Amino acid sequence: MNLLFFCISRLLQLVPVLLGITIVAFLLLRVMPGDPATLMLGSRGTPEDIAALTSQLGLDRPLWQQYLSFLGDIARGSFGRSIAYKAEIGPLLIARLWPTLALVGLSTVIAVLMTIPLAMYTAVRRNGAVDHAVKFFFVTAMAMPPFWLGVLLVLPLAIAVPIFPVSGYGQDWLDKLHHLALPAFIIALGTAALTIRSLRSSIIAVLGADYVDTARAKGLPERSVLRRHVFRNSLTSTISVLAVHTSWVIGGTVVIETVFGIPGLGSLLVASISARDYPMVQGLTVTFAVLVVVINLLADIAYSIVDPRVSLS
Amino acid sequence: MSAAHNTLAVEHLRVTFGKAPNAATAVDDVSFEIRQGEVFGLVGESGCGKSVTCRSLIQLFGGSRPSAMTGSISFEGRNLAALQPKDLVKVRGSEIAMIFQDPMTALNPTMKVGRQIEEGLRQHEKLSARQAREKAITLLKSVGVMAPERRLDSYPHAFSGGMRQRVLIAIALACRPKLLIADEPTTALDVTVQDQILKLILKLRAEIGMAVLLVTHDLGVVAQTCDRVAVMYAGRIVELATTEQLFAKPSHPYTRALLNALPAHGGRGGRLQPIGGSPPSLAAPPPGCRFHPRCSLAIPACELQQPPLAAIQEGHSAACIRIGEPA
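Residues numbered from 1 in each chain as written. Chains lettered and ligands numbered in written order. Predicted model: local features only at pLDDT ≥ 70, side-chain atom pairs only at ≥ 80, totals over all residues.

> Can you tell me about the overall build of chain B, naming the residues and giving the values?
Counting its regular elements, chain B contains 10 helices and 12 strands. The C-alpha atoms of chain B give a radius of gyration of 21 Å, which matches the 20 Å a tight globule of 327 residues would have. Dimensions of chain B along its principal axes, counting C-alpha atoms only, are 65 × 50 × 40 Å. By the burial criterion, 46% of the 327 residues in chain B qualify as buried. Taking the intrachain contacts of chain B between residues at least 6 apart in sequence as the baseline, contacts between residues at least 24 apart amount to 64%. (Helix = DSSP H or I, 4+ residues; strand = E, 2+ residues; numbered from the N terminus. Rg over C-alpha atoms; globule rule 2.2 N^0.38 Å. Buried ≥ 20, exposed ≤ 12 C-beta atoms within 10 Å, placed from the backbone. Contact = placed C-beta atoms within 7 Å.)

As structure tokens, then:
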């Protein structure tokens, strides 16, 4: 009940944030140097063409009218019309949204599954051989650019021994999962490098807490002390790290999407920018921003589940 | 004094942290026993080894493990110092329980209070969830928490400091231990609550028939609660006596200095006498008697040898070479 109330109040707080996002996305295009219509038509545009396009895009109207019609487009779910695709932007965005969400979601799940056991083990056996090996492996993985890691892993795992497909997105969901496994793993390596370090150090800090002594003084075996008293209390800072990094990954999937030929938002953004498809860029900006807001909302909910004191404040 | 049954006998306990040349011997050749059902006080300034002595008994060192621990700790016919970790875990909480100094940080903030009480019961007595819950209600009632059925489902942040210490006492006493180690249980509480908590510990001691090892730096608390007392200085016991003996005839200069620093025992003009200087580093203690640099009665011989605990009368001993000299 408390949690439900917390979620609703957080959702209400998001309304002004989302309005702010639309304003920024809208103004960014208008404050950019140069006139969109001129830039879109390039050097071949005659003054007549430019004037026609300007009025077609509604750019000759006052700013507030343009903004309101942009809001209206968003409310209808169309986001206006794409210049390059000559179609409604909304459905195009939705079609590209799922691969990106699946990729980011899967990579986050893989990262969490790697983080929890490795962080716990290395925190308890700190400065042991495994601790050093994990640190070395993940620092190396993080230092490598994702496209290079992609190539490195595709060679043995998709070409030499064809366990995973080289690229593409697949048909049914199982096939898609198979296609996404390798790229998601590569993204997860970068995420896990951060979260393992973060969780490991908070576990070490919590291990010295007074209530851990209380738990041990009760006569609980060390395993139960770790599972019931240490683990949950060490999660909060790692949730922030994970949320910040996942927000970053959403905007940064473009390289992995390009390497693995996944039709996601990242590759659409790159294509739209080079095509000067400004309405599309505007729609994508709003979409990315909303995703980041949603991730932060999920992180807030996760906090309140982990720590009962959060939902009160 | 009859030869009462000893619950705990510590002999030549020595606990060292760190490696040479920075090794610090926090507890140095400490021996004492606690009789069945008695309240045994361990007194001294901060950093004199009281807490380490306590934690050594059940080897609860948290993050900083000692580099060496020697001596014997016999408890109910077993030497705890020689137990395997898995056997020691069975002693903790069931036969020897411990409560800590700061109740604000000693409860898990993300676990309901009821579950924190039930945990020990389920571990040691293999109670079912319902039995453990009923027992937890009884326990909370016995430590004076109102509406225990409702409070079981609260998190620690809904409790005040005094109430949290009550909950911690309930956790400690859940399995009716034979020995309760209370490491400065009232230091972090305000004075009126201190008194309530001490009375509660004494009441429950009588009900359960357990012995209590009470660590404190407050001689007022000692006078109020303890049967016998050991005074520690720089890792060693300097005086061991019954509470009456200690207050009637304090023998070690350090004990006397502590008493003179108390308001009730101050000099004739009501002026308190602080002890000059500060406790020595445990990594490099002074030669001879460790108290001599701060002692008003020190003579050159004090620097030469460490005085052993010598009996003054039945049940009373002190470690000072000037005892027995005409005062």
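> Let's hear about helix α6 (residues 161-173) of chain B: which residues, and what values?
Helical geometry note: an α-helix holds 3.6 residues per turn, so side chains three or four residues apart project in the same direction. With 13 residues, α6(B) should reach 18 Å at 1.5 Å per residue; the first-to-last C-alpha distance of 18 Å fits that figure. Considering only its buried residues, α6(B) is in contact with α9 (210-217) of chain A together with β6 (96-99), α3 (113-124), α4 (129-142), β7 (179-183) and α7 (191-208) of chain B. (Expected span 1.5 Å × (residues − 1).)

> Go over the environment of A:Arg228 with me, naming the residues and quoting the values.
Residue and element names in this part refer to chain A. Looking at the element boundaries, Arg228 is found in helix α10 (residues 222-230). Since 18 C-beta atoms lie within 10 Å of it, Arg228 is described here as partly exposed. In the structure, Arg228 is positioned 16 residues away from Val212 in sequence and 9.8 Å away in space, judged by C-alpha atoms.

> Tell me about unusual backbone geometry, and please be specific about residues and values.
In this structure, the amide linkage connecting B:Ala20 to the following residue, B:Pro21, adopts the cis form with an omega of 5°. Mapped onto the elements, B:Pro21 comes out in the loop between β1 (6-17) and β2 (24-35). Of note in this structure, A:Lys86 is not a glycine but carries a positive phi near 50°. In this fold, A:Lys86 is placed in the loop between α4 (63-76) and α5 (89-124). Backbone geometry places B:Glu184, a non-glycine residue, at a positive phi of 45°. With respect to the helices and strands, the residue B:Glu184 is situated in the loop between β7 and α7.

> How would you summarise the packing of helix α7 (residues 146-160) of chain A against helix α8 (residues 173-207) of chain A if you had to cite specific residues and measurements?
All names here are of chain A. Between α7 and α8, whose axes approach to 10 Å, the crossing angle comes to 135°. Relative to α8, α7 is oriented oblique. Considering the relative orientation of α7 and α8, their crossing is right-handed. Together, Pro146, Leu149, Gly150, Leu153, Leu157 and Ala158 of α7 and Leu182, Pro183, Ile186, Leu189 and Gly190 of α8 make up the contact between the two elements. (Axes fitted to C-alpha atoms, helices over the stretch in contact; angles between N-to-C directions. Parallel < 35°, antiparallel > 145°, perpendicular 65-115°, else oblique. Left-handed = near helix turned anticlockwise from the far one by under 90°.)

> Requested: an account of the interface of chain A and chain B, with residues and values cited.
With 21 residues of chain A in contact, the opposing surface of chain B contributes 27 residues. Counting residues per element, the side of chain A that touches chain B draws most heavily on α9(A), at 7 residues.

> Go over the nonpolar core with me, naming the residues and quoting the values.
Core analysis: the largest hydrophobic core is formed by 130 residues, its most contacted members being B:Ala170, B:Val212 and B:Leu213. Setting aside chain neighbours within four positions, we find B:Val212 in contact with B:Val39, B:Phe40, B:Leu180, B:Ala182, B:Ile201 and B:Arg205. Residues A:Leu265, A:Leu268, A:Leu269 and A:Tyr278 belong to the second largest nonpolar core, which totals 14 residues. (Core = buried A, V, L, I, M, F, W, Y, C linked by C-beta atoms within 7 Å.)

> Can you tell me about the sheet that holds β7(B), naming the residues and giving the values?
All names here are of chain B. With respect to topology, 8 strands assemble into an open sheet ordered β6-β7-β8-β3-β9-β10-β12-β11, the strand pairing being mixed. Edge positions in the open sheet fall to β6 and β11 (310-313), since each of these has one partner strand only. Across the sheet, the mean angle separating the axes of adjacent strands is 20° when strand polarity is ignored. Bridging between strand β3 (residues 39-43) and strand β9 (residues 228-233) involves 4 bridges; their strand directions are parallel. Residue Leu42 lies in a different strand from β9, and its bridge partner there is Ala230. Here α6 sits on the sheet and contacts β6 and β7; the angle it forms with β6, its principal contact strand, is near 170°. (Pairing = 2+ DSSP bridges.)

> So what's going on with the pairing of β6(B)? Which residues, and what values?
All names here are of chain B. On β6, burial covers both faces: Ile96 and Met98 on one face and Ala97 and Ile99 on the other are all buried. As defined by bridge partners, β6 adjoins β7 across 4 bridges and the pair is classed as parallel. Looking at the pairing, Ile96 lines up with Leu179 of β7.

> Quick one: what's the story with the sheet that holds strand β4 (residues 68-75) of chain B, residue by residue and with numbers?
Residue and element names in this part refer to chain B. Taken in spatial order, the 4 strands line up as β2-β1-β4-β5 in an open sheet, and their pairing is antiparallel. Because the sheet does not close on itself, it has two edges, and the strands there are β2 and β5 (78-79). Judged from the 7 bridges that link them, β1 and β4 form a sheet pairing that is antiparallel. Looking at the pairing, Ala9 lines up with Ser74 of β4. The strands that helix α1 (residues 50-57) touches are β1, β2 and β4; relative to β2, the one it contacts most, it runs at about 65°.

> Would you mind going over the domain arrangement of chain A in detail, with residue names and values included?
All names here are of chain A. Here chain A is described as being made up of domain 1 (2-89) and domain 2 (92-312). The C-alpha-based centres of domain 1 and domain 2 are spaced at 31 Å. Counting residues at the interface gives 27 residues for domain 1 and 21 residues for domain 2. Taken together, the elements giving at least two residues each to the side of domain 1 that touches domain 2 come down to α1 (2-31) and α2 (36-41). Ranked by residue count, the leading element in the side of domain 1 that touches domain 2 is α1, at 14 residues. (Domains from an automatic or database assignment.)

> Just give me the short version of the packing of α5(A) against helix α6 (residues 129-143) of chain A, but keep the residues and values in it.
Residues and elements named next belong to chain A. One way to put it is that α5 packs onto α6 with a least axis distance of 8 Å and a crossing angle of 135°. Taken together, the axes of α5 and α6 are oblique relative to one another. For the pair α5 and α6, the crossing hand works out as left-handed. On α6, the residues that touch Leu118, Tyr121 and Thr122 of α5 are Val130, Asp131 and Val134. Of the residues that constitute the contact of α5 with α6, the class distribution is 4 nonpolar, 1 polar and 1 charged. (Nonpolar A, V, L, I, M, F, W, Y, C, P; charged D, E, K, R; others polar.)

> Break down the pairing of strand β10 (residues 236-242) of chain B for me, citing the residues and quoting the values.
Residues and elements named next belong to chain B. For β10, a buried count of 6 out of 7 residues is recorded, marking the element as mostly surrounded by other parts of the structure. Relative to β10, β9 runs antiparallel, the two sharing 6 bridges. Looking at β10, one finds that Met232 is bridged to Ile237. Taking the residues that link successive antiparallel strands as the turn, the β9-β10 hairpin has 2 residues, and the phi of Ala234 there is positive, at about 50°.

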